[in-house]
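What follows is each chain in one-letter form.
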Amino acid sequence: MKNMNEDEFIVNNSNYRKIVVNGVQFSNYPTNAISTTKYNFVSFLPLFLFEQFHNYTNCFFLLISIIQQFPEASSLGPYTTLIPLSIILCISAIKEILEDIHRYKDDKKVNRKPTEVFRDFRWSSVEWSDIQVGDFVKIHNNEFFPADLLFLKSSNEGNICYIETVNLDGENNLKIRQSVSGVNADCIMEMNGVIECDPPNELIYNFNGIFRVKDSLTIPLIPENVLLRGAVLRNTDWIVGLAIYTGSETKIMKNSSGTRLKRSSVSVMVNSQIIIIFIFFLSFTLFHWVFFLIWNNNNYKNTWYLPISHQDLLDGSTIIICLVFGIIYSIMIPISLQVMQELSRFVQGIFISNDLDMYYEQSDTPAIVKTSSLNEDLALVKYIFADKTGTLTQNILEFKCCSIQGKIYDNNLIRKWKTKKLNVTSAIHHFFIAICTSPGVIPIKTDDMVSYNVSSPDQKALILAAHEFGYSLLNRTHNCVEIIVNNKLLRYKVLCDFEFSSDRKRSSVIVKNPNNELILYAIGADDVILPRCIPIDNYRDVTKKHIEEFTSQGLRSICISMVKIAQREFENWYPLFVKARESLTSKDNLTEKAEHAIVKNLQLLGCTGVEDKLQNDVPETIDALLEAGINIWILTGDKQETAINIGYACRLLSDELPIIILNSVNLGILRHSINRYKNEMGEYFGKPGNNYGLVVTGDSLNILLESKNDVFLFLNLMLSCRAVICCRTTPKQKALIVKNVQKYTNFVTLAIGDGANDVAMIQTASIGIGISGKEGMQAANAADYSLAQFKYLKKLLLVHGTWNYDRICKMIYFIYYKNVVIATIQFCYTATNAWSGQLCLDRWAKMLYNVLLTSAPTLALGIFEKNFSSNILLNNPYIYTKNKWFNMKSFSICLFNAFVHSILLSWLSLGVFNSSVFWFSGRNEEYMFVGNIVYTSLISIICLKSGLHTYHWTNVTVLFLIITELSWIIVLTCLSHTWPLLYIGEDMPRMVEILFTTPLFWLFMLFIIVSILSLDLVIITLYRTFREPMISSLRNISVGGTNRLETYG
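Predicted, not measured: the structure shown is a model, and the values here were computed from it.

Calculation notes
- Residues numbered from 1 in each chain as written.
- Predicted model: local features only at pLDDT ≥ 70, side-chain atom pairs only at ≥ 80, totals over all residues.
- Heavy atoms only, no water.
- Helix = DSSP H or I, 4+ residues; strand = E, 2+ residues; numbered from the N terminus.
- Buried < 20%, exposed > 50% of the residue type's maximum accessible area, 1.4 Å probe, protein only.
- Contact = heavy atoms within 4.5 Å.
- Areas by Shrake-Rupley, 256 points an atom, 1.4 Å probe, with all protein chains shown as cover.
- Phe/Tyr/Trp six-rings, centres within 6.5 Å; stacked < 30°, edge-to-face > 60°.
- Lys NZ or Arg CZ within 6 Å of the ring centre and 35° of its normal.
- Patch = residues over 30% accessible without salt bridge, like charges linked within 9 Å, V, L, I, M, F, W, Y side chains within 5 Å.
- Salt bridge = Lys/Arg side-chain N within 4 Å of Asp/Glu carboxyl O.
- pLDDT = per-residue confidence, 0-100.
- Pairing = 2+ DSSP bridges.
- Axes fitted to C-alpha atoms, helices over the stretch in contact; angles between N-to-C directions.
- Core = buried A, V, L, I, M, F, W, Y, C linked by side-chain atoms within 4.5 Å.
- Right-handed = clockwise from strand over helix to strand, strands pointing away.
- Parallel < 35°, antiparallel > 145°, perpendicular 65-115°, else oblique.
- Left-handed = near helix turned anticlockwise from the far one by under 90°.
- Nonpolar A, V, L, I, M, F, W, Y, C, P; charged D, E, K, R; others polar.
- Expected span 1.5 Å × (residues − 1).
- Bend = angle between axes of the 7 residues up to and from the residue.
- Polar contact = N/O pair within 3.5 Å; in protein donor to acceptor, adjacent residues only side chain to side chain.

A count of helical and extended segments in the protein gives 33 helices and 33 strands. Across the 1049 residues in the protein, those meeting the buried criterion constitute 55%. Counted over contacts in the protein with a minimum sequence separation of 6, partners at least 24 positions apart contribute 73%. Here the protein displays about 46,700 Å² of accessible surface, and carbon together with sulfur accounts for 57% of that area.

Encoded structure:
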């Protein structure tokens, strides 16, 4: 190999990557080994702790744990907070470690895959991790590309290859890649030069570069010359490429960053509620401290035996006493809330993914949950923004008819065509040649049969139609297209092409036909093709009428056009194309300018009518969602007529619904129309539910959304209408509409789509749902949830959304309840012992309260609860609008309920056990006796209260309640017999025998449970009977249908 100096080459920009071919690299590039793990042995502990203590609750309990290490500041001992905090952190750490080990094993498996690299003058087998930038790599058929390679040579004629990029963009159609032109790769050792290209980036469709060969030859590099890691080689024996990006710098790894963090509305509300609970915690602490100071100030002369004097009340020791009280009441802050929520959501996500009603057997696709933290928000959706093609429709297009020079050709004429009873005009010939030469169609020959891989369903419908009409695409390379017409082979030389883009909304190609004529064919939407056609055309008006006729039938229409280009015109224009192709800084802009400069003065050949049928049960799903009070907006790129037709087909629009159409490009006219309907609606303007439908075009959207003075007025009109359809919209407009609705309404929004053009709105919406359809997996990969069919949205929202909301809210309130109750009991108890801070129960029992003793009933509510059966929710969608009860009012009721229960439990127990003698023998016990009676009663009340709010009983639910009761008995038994073997439970010797052999204990348990829970039972019964009689009736039907215990499934 020959080493080369950097001075031998001219480098335009130092930011670009420079790769020496067959030489020593100027920079040290990363190896091809990848690592997707979050941690390593050194970084795990600091990174994990840093992440965990971003949670303010953990920080609070860490502070409490530190204070408890000072004996004078804690009456609970040094471990009562530290151990529960450590258990919660350990659970989180185990989860993180297991996930990271799984990532490590996957990385190791990938890094050790074998491949061929040219080293030491021969091809050698090496592991993927050993590939370096500048290596020549050989890949065989059906193998993955181990790094981003510059394509140099292949076994196919013309040095082309076929690749599948499903792992990159979700598209399973084959794509053609062309080797670098002008490079002789037959002898690898003799290749010399420097490659200048983009620095590593995440743009999988973009690549800019230049290959500077030593003899001053400059070769432009384009995206079609690059084979990306993650893609698979197909229908090609082998290829040779040069590694340009390796490991973490490959495009697939650059795209593997996390998605935008989304928080549910419930989580936002929880933060506010935690602040209020924290205020109660401070209030309890300060009140206790103040009452302590008052009592001691009044009684210090008579309490000389206490370790505090009147002078001490005025010095710093009182601050330590305040800290002691704060530690006592720290149990009011729910330490286990975050872990319980995450565990509940995780299991809920498993239930969603394993729901067979949302499993699409044809494609073996289940529902997928990617952001389980939004599970409860599925019950709060107010606006749905849906794409049309592939989301509401099947995206399996069928060619129905076409119009060529003013004449419609349908299936009957196709049959005449096949029997040679139809003359082929020049326009007909060019019409189907345009289809066959359009970019993105790849013929695949197998066993004398030809199939087609296409970049879109539209192209597949058109190429199959062309085949039916007798125009069969036989072969395609980067510079040649072979078409069989009437058993005659026609070869067209491809001079340049421009693939379809969502911004340009058309594709075009310049070819040289067998007669050496230069012809440009352009295919695209009518609003971008017609303006570029010559104004004087005998068939233009007729074709426009046919387009309207096709769209009124719900067909998708695409215009096809051509223009012959003079050789001199092409030669004058071609340098613009070359300049754009070779540009390293502004290739996209220059390419657009070059395309616009040549695609003009077109001759309109005709248009197509392609049918895209609705998916199964779409109208029924939309009916149910509308009945559930959800507003549905369709955002599509289709024509106005097609969009309206789909609106009627899916029952979003109806004959009884007046339609407002905004399709002007004049701001004054648009403003006048909006004000007119504002006056018609009167006080209801800006309020949802008005009996109007709105259809607005992309041009009108541009004007209204860019006008700061009119955007709010326009948005109010949209919010006033029962149905909204936006047509001819761009991806940016879709995202902007979603963003504005969220901004002005604060409602939960949901965006659902299936293509790359839907990713922006999916990521902007509160909840993003991707349909894993025919346009690839881009939308599904970027979404929070993935479904195979639109109809599954009904069960996801109405059933799983309702269940998950009810589960998580009940669980959160239950956690609040049990923490506030035990803190208030301590407050009531300390009022009877001179505000001294004396504990009413053992510190170890208190320590296990959240992490062990009360966790099972909490999880039972958060995981297994069902407030209605699935059938009831699906058949009564209006339930979706009811029971949205997680708010400050219900939070206040929860806290009030907790305070009442704790006061009753405290004072009733103190009233019953006002004497210290409980046995006929005259024997008495210490203060812990009453405390343990209260604590045992509280555990039973917690179990029964969770059962009181449970509608769906399962074997697991019953088991969890039994485990809770048994766990306390086991803990109580252990604490009663560990002292003095272990230094715990020093105040609890033989407490279990003392309690359970006391008849008064059992009588009190029965009395206190009935007294406290009977009040709840009466209130719940009255509320359900008089406030929600219909909901209660449906719930009774639901429970009646499942009146036996059953295992959750």
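This part is about the packing of aromatic side chains. The full count for this structure, using the stated rule, is 43 aromatic pairs. When the ring of Tyr383 is compared with that of Phe385, the centres are 6.5 Å apart and the planes differ by 20°; the resulting orientation is stacked. In this structure, Tyr383 and Phe385 share a single accessibility class: buried. Ring pairing ties together the aromatic residues Tyr805, Tyr813, Tyr816, Trp885, Phe886 and Phe891, which thus form one cluster. Positioned above the aromatic ring of Tyr805, the side-chain terminus of Lys884 is 6.0 Å from the ring centre.

All right, on to the environment of Lys388 then. Among the structural elements, Lys388 can be located in the loop between strand 15 (381-386) and strand 16 (393-404). The spacing of Lys388 and Leu614 is 226 residues in sequence and 9.1 Å in space, taken between C-alpha atoms. Filtering out sequence-adjacent residues up to four positions away, Lys388 remains in contact with Thr393, Arg556, Ile634, Leu635, Thr636, Asp638 and Ile646.

Where nonpolar side chains cluster on the molecular surface, the patch consists of Ile94, Ile97, Leu98 and Ile101 and spans about 360 Å² of accessible area. Tracing the backbone through its elements, the reader meets Leu98 in helix 3 (residues 82-111). Of the residues examined, Leu98 reaches a relative accessible area of 54% and is grouped as exposed.

Another aspect to go through is the confidence of the model for the protein. Within the protein, residue pLDDT values average 84, and 89% of them lie at 70 or more. Ranking the helices and strands of the protein by mean pLDDT puts strand 4 (residues 136-140) first, with 95, and helix 33 (residues 1029-1041) last, with 57. Low pLDDT, under 50, characterises residues 1-13; the predicted model gives this stretch 28 contacts beyond four residues in sequence or across chains. Considering only residues more than four positions removed or in separate chains, one finds that residues 1041-1049, a stretch of pLDDT under 50, has 17 contacts.

Turning next to helix 25 (residues 843-853). The buried fraction of helix 25 amounts to 8 of the 11 residues, a majority that puts the element mostly inside the structure. Among the residues making up helix 25, those that are buried are Trp844, Ala845, Lys846, Met847, Leu848, Tyr849, Asn850 and Leu853.

This brings us to the sheet that holds strand 8 (residues 193-197). Strand order in the open sheet formed by 4 strands is 1-8-9-10, with antiparallel pairing between adjacent strands. If you trace the sheet from one side to the other, it starts and ends with strand 1 (17-21) and strand 10 (218-221), each paired once. Within the sheet, the average angular offset between the axes of one strand and its neighbour, ignoring direction, is 20°.

If you walk through the whole model with that rule in mind, you get 27 salt bridges. A salt bridge links Lys734 to Asp387; its shortest N-O distance comes to 3.3 Å. Separated by 347 residues along the polypeptide, Lys734 in helix 21 (residues 731-745) and Asp387 in the loop between strand 15 and strand 16 bring together distant segments of the chain. Both residues of the pair, Lys734 and Asp387, count as buried. When salt bridges with common partners are traced through the structure, they connect Lys505, Asp526, Asp527 and Arg728 into a single cluster.

Another aspect to go through is the nonpolar core. Counting residues in each nonpolar core, the largest one holds 147 residues, and the members touching the most others are Ile384, Leu793, Leu797 and Tyr816. Broken down by element, this core gets its largest block of residues, 22 residues, from helix 24 (residues 792-830). Among all residues touching Leu793, those that are not within four sequence positions of it are Ile384, Leu625, Leu750, Ile752, Ile769 and Leu787. Counting 42 residues, the second largest nonpolar core, distinct from the first, contains Phe145, Ile163, Ile239 and Leu242.

This part takes up the sheet that holds strand 13 (residues 238-245). The strand order 3-2-4-13-5-11 describes an open sheet built from 6 strands, whose pairing is antiparallel. Of all the strands in the sheet, just strand 3 (122-127) and strand 11 (226-227) have a single pairing partner and so form its edges. Relative to strand 13, strand 4 runs antiparallel, the two being bridged by 5 bridges. Across the sheet, the residue bridging to Phe136 is Leu242, located in strand 13.

Attention shifts here to the pairing of strand 28 (residues 659-662). The two faces of a sheet get side chains in turn, since along a regular strand they alternate between them. Of the two faces of strand 28, only the one carrying Ile660 and Leu662 is buried; Ile659 and Ile661 on the other face are not. Sheet topology places strand 28 next to strand 29 (residues 690-697); 4 bridges connect them, and they run parallel. Pairing of Leu662 across the sheet is with Val696, part of strand 29. The parallel pair strand 28 and strand 29 is bridged by helix 18 (residues 667-681), and the resulting crossover is right-handed.

The subject of this paragraph is the packing of helix 19 (residues 698-706) against helix 21. Helix 21 packs onto helix 19 with a crossing angle of 50° between their chain directions and a minimal axis gap of 11 Å. Here helix 21 runs oblique to helix 19, going by the angle between their axes. Crossing angle aside, the handedness with which helix 19 passes helix 21 is left-handed. Across the interface between the two elements, Gly698, Leu701, Asn702 and Leu705 from helix 19 touch Gln733, Leu736, Ile737 and Asn740 from helix 21. Across the contact of helix 19 with helix 21, the residue classes break down as 4 nonpolar, 4 polar and no charged.

A few words on helix 14 (residues 567-582). Taking 1.5 Å of rise per residue, the 16 residues of helix 14 would be expected to cover 22 Å, and the 22 Å separating its terminal C-alpha atoms lies within 8% of that figure. Its axis deflected by about 30° at Trp573, helix 14 carries its strongest bend there, up to four residues before the proline Pro575. Those residues of helix 14 that sit buried are Phe570, Trp573, Phe577, Val578 and Ala580.

To continue, consider the side chain of Thr964. One can find Thr964 in helix 30 (residues 955-977). Looking at Thr964, the relative accessible area reads 1%, which means it is buried. A polar contact of 2.9 Å, which involves the side chain of Thr964, links it to the backbone oxygen of Phe960. In contact with Thr964, other than residues within four places in its own chain, are Leu853, Ala856, Pro857, Ile939 and Cys943.

Here we take up the side chain of Asp758. Its place among the elements puts Asp758 in the loop between strand 31 (748-753) and helix 22 (759-764). Ignoring anything within four residues of it in the chain, the contact list for Asp758 reads Asp387, Lys734 and Gly753.

This paragraph deals with the environment of Arg651. In this structure, Arg651 sits in the loop between helix 17 (640-649) and strand 28. Residues Arg651 and Thr621, 30 residues apart in the sequence, show an inter-C-alpha distance of 9.7 Å. Excluding its chain neighbours within four sequence positions, the residues that come into contact with Arg651 are Pro619, Glu620, Asp623 and Leu626. Of note is the side chain of Arg651, whose polar atom sits 2.7 Å from the side chain of Asp623.

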